[in-house]
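# Fold and geometry: a report
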Amino acid sequence: MKMEIVKDYKNDNFHKDEIRKSWFDATLLRIFILATCFKMLLIPTYHSTDFEVHRNWLAITFSLPIKEWYLSNKSQWTLDYPPFFAWFEYFLSQVAVYFDPEMLKIDNLNYTSPNAKLFQRATVMIADIILVYGVIKIGETFCKSRSSYLILSFLSIFNVGLLIVDHIHFQYNGFLLGILLLSITKVAEVDKESSILQGAVWFSMLLNLKHIYIYVAPAYVIWLLRWYCIKGGKFFSRILKLGSIVLIVLILSFGPFVSQLPQVFSRLFPFKRGLVHAYWAANAWALYTGADKFLSVLWKQLGWLQATRTASMTGGLVQEDIFTVLPTPTPIVTFVVTFASMIPALWSLFTKNEAKITPKHFVRCLILCGLSSFMFGWHVHEKAILTAILPLCTLAVVDKQDARVFIILSSAGHTGLLPLLYPTELTPLKLLLSLVYMMLAGIILTHKFHNSLLKKYEWLYVGILPFVTFYESVLHKLIFTDRLPFLPLAFTSMYCAIGVTYCWLLYYYMYLGDRFQNDITMYKKKEENIIKSKKKHYK
Amino acid sequence: MTSEYKIKRIISRSRYCANMTATIRILVIMGIVLLLRCCVTYHPYSGQGKPPMFGDYEAQRHWQEITLNLPIKWWYTNTTDNDLQYWGLDYPPLTAYHSLLLGYIANVTNSDFVQLRTSRGYESESHKYFMRLSVLWAESITYLPAMLWFISGLKIQELKAIQLDEKNLFDFRKHDFHLATILIYPGLILIDHGHFQYNCASLGFFVAAVTALLRNRLIFGSFLFVLALNYKQMELYHALPIFFYILGNNVPGRNKTLKSCIITLFCVSLTVLLTFAIIWVPFFQDRETFLNVIFRLFPIARGVFEDKVANVWCAINVIYKLRNALNNAQLAQICGAATLLAVLPSSMNLFFRPLRNKFIISLVNSSLGFFLFSFQVHEKSILLVAIPILLNFHNDPLPCFWFLLISTFSMLPLLINDGLYIAYIAITLLYAISTTWVFPNLCRITTSVELKDECDKKLSVIYVCKNYRQFAVVGLFRLSMLGTVVLSMLCVLVKPPKRYPDLFPLLISVYSCGHFIIFFLYFNYKQFCIGKQYPMEKIKSN
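What counts, and where the lines are drawn
- Residues numbered from 1 in each chain as written.
- Chains lettered and ligands numbered in written order.
- Predicted model: local features only at pLDDT ≥ 70, side-chain atom pairs only at ≥ 80, totals over all residues.
- Heavy atoms only, no water.
- Helix = DSSP H or I, 4+ residues; strand = E, 2+ residues; numbered from the N terminus.
- Buried < 20%, exposed > 50% of the residue type's maximum accessible area, 1.4 Å probe, protein only.
- Contact = heavy atoms within 4.5 Å.
- Areas by Shrake-Rupley, 256 points an atom, 1.4 Å probe, with all protein chains shown as cover.
- Axes fitted to C-alpha atoms, helices over the stretch in contact; angles between N-to-C directions.
- Left-handed = near helix turned anticlockwise from the far one by under 90°.
- Nonpolar A, V, L, I, M, F, W, Y, C, P; charged D, E, K, R; others polar.
- Buried area = accessible area lost by both parts, 1.4 Å probe.
- 1 Å grid on protein atoms, 1.4 Å probe; cavity = no way out; pocket = protein on both sides within 12 Å on 5 of 7 lines; lining within 4 Å.
- Points joined across faces, edges and corners; volume = space filled by probe spheres on them.
- pLDDT = per-residue confidence, 0-100.
- Expected span 1.5 Å × (residues − 1).
- Phe/Tyr/Trp six-rings, centres within 6.5 Å; stacked < 30°, edge-to-face > 60°.
- Lys NZ or Arg CZ within 6 Å of the ring centre and 35° of its normal.
- Disulfide = S-S within 2.5 Å.
- Salt bridge = Lys/Arg side-chain N within 4 Å of Asp/Glu carboxyl O.
- Core = buried A, V, L, I, M, F, W, Y, C linked by side-chain atoms within 4.5 Å.
- Domains from an automatic or database assignment.
- Patch = residues over 30% accessible without salt bridge, like charges linked within 9 Å, V, L, I, M, F, W, Y side chains within 5 Å.

### Comments concerning the overall build of chain B
Broken down by element type, chain B carries 25 helices and 0 strands. Counting over 542 residues, chain B shows a buried share of 53%. In chain B, of all internal contacts separated by at least 6 residues, the share reaching a separation of at least 24 is 78%. With an accessible surface of roughly 25,300 Å², chain B has 66% of that area assigned to carbon and sulfur atoms.

Here you go:
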């Protein structure tokens, strides 16, 4: 009986023919080309040191033998991504020779030429095709109508966070997130064993491209363990299959470096960095550090603090911080807090009633894992919020409550990213980028669900965000000139942290209590179906 | 009672909501178009890092320096402090006043920007930011609101039930689509925010003037047009149709009495004279100052054309070297006569039948006539034609779309020279794709395959025959676009032979010129067609 219901649900929701008429989708192609046009216009904009980081990796993988990839320390930007990413850079470098061989010389530190910039920017744009593919696939699985499918593609492909981080600041998050979406799609189809295994392959490959995604791995583990291994009754053969997949991918990745594993791992997990980044990511630790700052000022006024223990936290590059009043968290503590904050979500996913479980729960659990790690992780980068925002975008077109959280989270998260673009001449660009995306997301989703999604105080919070950016980049300099240089950044990250924390709590609350609109109506339908079928049975 | 009150409240609230969403939609569009402009500003400007003369960017900066540091009397005069050979002011006083205002701001921001003499060729990131921002400001207070005003007065047929279909993710109305596609016209964005100029200011005044005239506010309209004219003298391209439209609407016996006509005309001329007088007051001090300005504005000595322009003289020059046969004064006379011949028919036609649609097309014809035949034409002057074409877009989409793309293409050599090739490709592609997405019937041929659902094969043959004209036009359009794509690619990929270093710019200008001549004939034909089907009485009620 229960199996039938699950199938019933599937038939209700999966109208692939309606969503995409053929393999060629003109509208999607248009969205992609339009996005690429915007990215092309951004080619000459400012790029961060990450540009040099990736150029240096191109040089390392091109001109050094494999054994030395993780040993080279000519540049301060050593290779600190897992081996698959190194291979990715290796393949790029084979093409880069034809553009500018100078950029591949390991001694050419801080080298930028127009061709090098064009090439590197172009690789990010082309790699984004994988993002588009991932969006297409996840849209086909989760969207019920063509309009929501298009909205999803529009909001994901034009995601301002990705534009800022990948196409201005310079990184390769787009295609990594594409792989994440792809693996979610595959893993969500619990009934098909081949698809589950493919999903596992994709996810383990993703982990070997950038290990930051290990934070969402618990959701995968629980989902696969409970709804794939335990459910079917073939526990041991299934867990063996999964285990061997992960192991094979790991061997493929780390095999060539087996003799220098400690060296590789010391590069991948540098625990010498501080709790918060030079610019605080908008998470719980930003609030914590802010509170400490505030208390230290208060303590000083009251005369409770020795003058020797004053520490600056915003000055340097990457450094360890000292807290003046509150206890200083250690990596272990942050790890424990992160994991503890994930447990309720994981437990709920594990113990859900079989009739109620849908792939959406898995995605929600994954989003919560991403958010929890962002909230409490050690040395979190502000970009990590994208790991939560993009999967959430998928659900935002399906459910009203998800859309509500999406609007707040994306607005706050993206505003938290803006201080990355610190040069003055980028001020109008970053203001317009965040403003336009906020308005578009608001308009599109409100139009889709036919009524206002946010509560009044939530609109108020979101509406103030652009002014925070305006203050951070323009107003502060006008009012204070050079005094209090830490204030605008600290204020931005704390204001955004409030939004992110609110989203985390709200989403957790809705997730644990199953307070999503569609699900509620779906249960009712299911119950009606059960009653109907029972009646038929009796007749 | 209470229920009535409730209904009233609900209605008022829903109306408020509708207005709210309309405002937000407009804000979104403005945000998007500003974002697009903003993205272009990070590309290089004309003459970036190219001493000793630099480019238009340096010209604008130099004007700020001159107007800020010299008394008004010497602005247009060659002195030791004001070497007119080095980017002397050659636009009317309003441009100079604008430069003065910017000069003040620049002086407050960083006085190095506008130091007399020492600041020549000043370049820095912060200065670029300042200059770019000044164009963004100028555009957002002139051109963008003017276009919004124009669009909001348009009567475009609105579909009754707007379903949530492919393109309508944003719940946009037709007006919104028209506004958006007009405001992302690549030519103006590339020239103003890439190459660097303030065309948006004069064009904004011009659009506002046309809108005011279309709404029968003749005095306000003529005031705005005088502002446009005093910002850039090239607005003279539009002067004739505006003059004849006002005059034609005030011929006694059509729909007005003699008295009201005379009063209106008197008011209009008074406005024009007064506005002119106020703007020119500082230059009336003595005869020499005044004449200096006039000579700066109309430089006969600079030759019939500079660089490669897509007009008739440049095209003729390929075969027959005009400049060897005739001197500048003779050429100027020939140009003048040819221009007058080209422009008069449409102006006369407008005078006899001053209809609104005719007015807009006549603006196209006049400016295109000037562009093709007049003396001293810049490739950027095509913008003066492109703006009335934008205003005409809703009447005749495909030819206008076609023209707009060709006009952007005709400026390609200039853009390549400025290092704006990537921006050109990106923004033209963006414009073409979003316009064809928003107006799907723009350049699509209804194929017989699609017709299968609607009618049988016999009918489809008739249909295709009836539509063979459309078929031919769309085919030609695609062919022409293919040509522009091929030429755009050849320009950067292939090195021209050593004997003809200017081969590609020349090819581009001849190719565009051919298009412009055909467009000139077509739009003239169009203008004469309008109003033929209406008898005189209907015009009166119009």
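### Description of the overall build of chain A
Tallying secondary structure elements over chain A gives 22 helices and 0 strands in all. For chain A, the proportion of its 539 residues judged to be buried stands at 58%. Carbon together with sulfur atoms contributes 68% to the accessible area of chain A, which is approximately 22,900 Å² in total.

### Looking at the packing of helix H5 (residues 143–152) of chain B against helix H6 (residues 174–183) of chain B
All names here are of chain B. Their axes nearest at 10 Å, the elements H5 and H6 cross at an angle of 145°. H6 is crossed by H5, and the crossing has right-handed handedness. Together, Tyr143, Leu144, Met147, Leu148 and Ile151 of H5 and His175, His178, Leu179, Ile182 and Leu183 of H6 make up the contact between the two elements. A class-by-class count of the residues in the contact of H5 with H6 yields 8 nonpolar, 2 polar and no charged.

### As for the interface of chain B and chain A
Tallying the contact residues gives 33 residues for chain B and 33 residues for chain A. Carbon and sulfur atoms make up 83% of the surface buried where chain B meets chain A, a total of about 3,300 Å² over both sides. In terms of surface lost to chain A, no three residues of chain B exceed Tyr42(B), Leu169(B) and Trp437(B), which account for 21% of the buried area on that side. Of all the secondary-structure elements, those providing two or more residues to the side of chain B that touches chain A are helix H1 (2–40), helix H4 (125–141) and helix H20 (421–438) of chain B.

### Regarding unusual backbone geometry
If a residue is not glycine, its phi is most likely negative; likewise, a peptide bond is most likely trans. At the junction of Pro51(B) and Pro52(B), the peptide bond is cis and its omega measures out at 5° in the coordinates. Structurally, the position occupied by Pro52(B) is in the loop between H1 and helix H2 (56–69). Here Phe170(A), not a glycine, exhibits a phi torsion of approximately 90°, which is positive. With respect to the helices and strands, Phe170(A) occurs in helix H8 (residues 160–170). Overall, Phe170(A) belongs to the buried group, its relative accessible area being 0%.

### Considering empty space enclosed by the protein
The final tally for this structure, using the stated rule, is 6 cavities of 30 Å³ or more. The calculated volume of the largest cavity comes to roughly 570 Å³. Taken together, 27 residues make up the lining of the largest cavity; nearest its centre are Leu34(A), Phe38(A), Phe154(A), Ile32(B) and Phe170(B). The set of elements that each furnish at least two residues to the lining of the largest cavity consists of helix H3 (26–41), helix H7 (146–157), H8 and helix H19 (427–449) of chain A together with H1, H6 and H20 of chain B. By residue number, the principal contributor to the lining of the largest cavity is H1(B), which donates 5 residues. Residue composition of the lining of the largest cavity, by class: 24 nonpolar, 2 polar and 1 charged.

### A look at the confidence of the model for chain A
All names here are of chain A. Predicted confidence across chain A gives a mean pLDDT of 84, with 88% of residues reaching 70 or more. Taken together, the stretch residues 1–15 has pLDDT below 50 and engages in 15 contacts with residues farther than four places along the chain or on a different chain. In the predicted structure, residues 308–320 sits below a pLDDT of 50 and forms 29 contacts with residues beyond four places in sequence or in another chain.

### A word on helix H15 (residues 328–352) of chain B
Residue and element names in this part refer to chain B. Along its 25 residues, H15 runs 36 Å from first to last C-alpha, staying within 8% of the 36 Å computed at 1.5 Å per residue. The set of residues buried in H15 consists of Leu331, Cys335, Ala338, Thr339, Ala342, Val343, Ser346, Ser347, Asn349, Leu350 and Phe351. Along its buried surface, H15 packs onto helix H10 (239–248), helix H13 (312–319), helix H14 (322–325), helix H16 (356–373) and helix H24 (503–529).

### A closer look at the packing of aromatic side chains
One pass over the structure, following the stated rule, counts 68 aromatic pairs over all chains. With centroids separated by 6.5 Å and ring planes inclined at 75°, the aromatic side chains of Trp313(B) and Phe373(B) adopt a geometry described as edge-to-face. Of this pair, Trp313(B) sits in helix H13 while Phe373(B) sits in helix H16, placing them 60 residues apart in sequence. A single burial state applies to Trp313(B) and to Phe373(B), both of which are buried. Among the aromatic residues, ring-to-ring pairing joins Tyr185(B), Phe371(B), Phe401(B), Trp402(B), Phe403(B), Tyr431(B), Phe477(B), Phe516(B), Phe519(B), Tyr522(B) and Phe523(B) into one connected group. A cation over an aromatic ring shows up here: Arg226(A) above the ring of Trp227(A), its NZ or CZ 4.2 Å from the ring centre. The ring of Tyr511(A) has Lys352(A) lying over it, and the distance from NZ or CZ to the ring centre is 5.0 Å.

### Quick look at the environment of Pro51(B)
Residue and element names in this part refer to chain B. In this structure, proline 51 sits in the loop between H1 and H2. Note on proline 51: relative accessible area 60%, which makes it exposed. Separated by 70 residues in the primary sequence, proline 51 and glycine 121 have C-alpha atoms spaced 7.2 Å apart.

### A look at the environment of Phe409(B)
All names here are of chain B. Along the chain, phenylalanine 409 falls in helix H18 (residues 397–410). Among the residues examined, phenylalanine 409 registers a relative accessible area of 1% and is labelled buried. Between the C-alpha atom of phenylalanine 409 and that of isoleucine 508, which follows or precedes it by 99 residues, the distance is 7.8 Å. Setting aside residues no more than four positions away along its own chain, phenylalanine 409 makes contact with Tyr424, Thr484, Leu487, Ser488, Ile508, Tyr511 and Ser512.

### Re the state of the cysteines
On inspection of all chains with the given rule, the structure shows 0 disulfides over all chains. Looking at Cys39(B), it has no disulfide partner, and the nearest cysteine sulfur is the one in Cys38(B), 6.3 Å off.

### Things to note about the pattern of salt bridges
If you walk through the whole model with that rule in mind, you get 18 salt bridges over all chains. Here Asp50(A) makes a salt bridge to Lys383(A), at a shortest N to O gap of 3.8 Å. You can see Asp50(A) sitting in helix H4 (residues 49–63) and its partner Lys383(A) sitting in the loop between helix H16 (359–376) and helix H17 (386–396), a full 333 residues away along the chain. The residues Asp50(A) and Lys383(A) share a single accessibility class, namely buried. One connected set of salt bridges, linked through shared partners, spans Glu58(B), Arg61(B) and Glu65(B).

### Topic: the nonpolar core
In this structure, Leu155(A), Phe406(A), Leu429(A), Leu445(A), Tyr143(B) and Phe516(B) are the most contacted members of the largest nonpolar core, which totals 335 residues. Considering each element in turn, this core owes the most residues, 13 residues, to H19(A). Residues from two domains meet in this core; each of domain 1 (2–268 + 332–398) and domain 2 (284–328) of chain A gives at least three.

### Here's the deal with a nonpolar patch on the surface
Residue and element names in this part refer to chain B. Together, Leu476, Leu479, Leu482, Val485, Val486, Met489, Leu490, Val492, Leu493 and Val494 make up a nonpolar patch on the protein surface, roughly 900 Å² of accessible area in all. Tracing the backbone through its elements, the reader meets leucine 476 in helix H23 (residues 468–493). For leucine 476, a relative accessible area of 52% corresponds to the exposed category.

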